[in-house]
Amino acid sequence: MKVNRITAAVLGIQFLVAMAAIPAGAAGKSQTLTGQVSDAMCGAKHEMPTKAAECTRGCMKHGSKYALEVGDKVYTLETSDQSALDKLNELAGAKAKVTGEVDGNTVTVKSVAVGS
């Protein structure tokens, strides 16, 4: 009887360890998302909806972060790469393809290109 309980406990622990490792492995995977470049303060609801580019750039000057609207979801974009920041500024209010590591609602940006 003791052997069965020990075996069950060991198998249970192995199962829990394996399940905990799944999200960690998935988070590090690079993905490409296509959507509209916005800012984290306004997201999909700009103060100036007809001038999304101006609103995004204005919010960036006030300390917001870039964001990407993909359908109903808004991802905050994290990057310190100046060329990626320049490209996001250029594409403010427009479609972009952003490649990076997705973790919840945050994308650690690796590259930015014009979206289609």
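What comes next is a walk through the structure. Here the structure is a predicted model, which means the values were calculated and not measured. (Residues numbered from 1 in each chain as written. Predicted model: local features only at pLDDT ≥ 70, side-chain atom pairs only at ≥ 80, totals over all residues. Heavy atoms only, no water.)

1. Some thoughts on the environment of Gly93
With respect to the helices, strands and loops of the structure, Gly93 is situated in the loop between helix H3 (82-90) and strand E4 (95-103). Look at Gly93 and you get partly exposed, because its relative accessible area is 28%. Apart from the residues within four sequence positions on either side, Gly93 is in contact with Gln36, Val37, Ala52 and Ala53. (Helix = DSSP H or I, 4+ residues; strand = E, 2+ residues; numbered from the N terminus. Buried < 20%, exposed > 50% of the residue type's maximum accessible area, 1.4 Å probe, protein only. Contact = heavy atoms within 4.5 Å.)

2. Brief notes about the pattern of salt bridges
Pairing between side chains of opposite charge can happen when the charged atoms of each approach one another. With the rule as written, the count across this model stands at three salt bridges. Of the charged contacts, one joins Lys65 and Glu78 as a salt bridge, the two residues approaching to 2.6 Å between their closest N and O atoms. Linking Lys65 in the loop between helix H2 (52-61) and strand E2 (66-70) with Glu78 in strand E3 (residues 73-78), this pair joins segments that are 13 residues apart in sequence. Put simply, Glu90 and Lys87 hold a salt bridge, and the shortest N to O gap is 3.4 Å. Here Lys87 and Glu90 lie together in helix H3, a separation of three residues that amounts to about one turn. The exposure class assigned to Glu90 is exposed, which follows from its relative accessible area of 51%. Assessed through its relative accessible area of 22%, Lys87 is described here as partly exposed. (Salt bridge = Lys/Arg side-chain N within 4 Å of Asp/Glu carboxyl O.)

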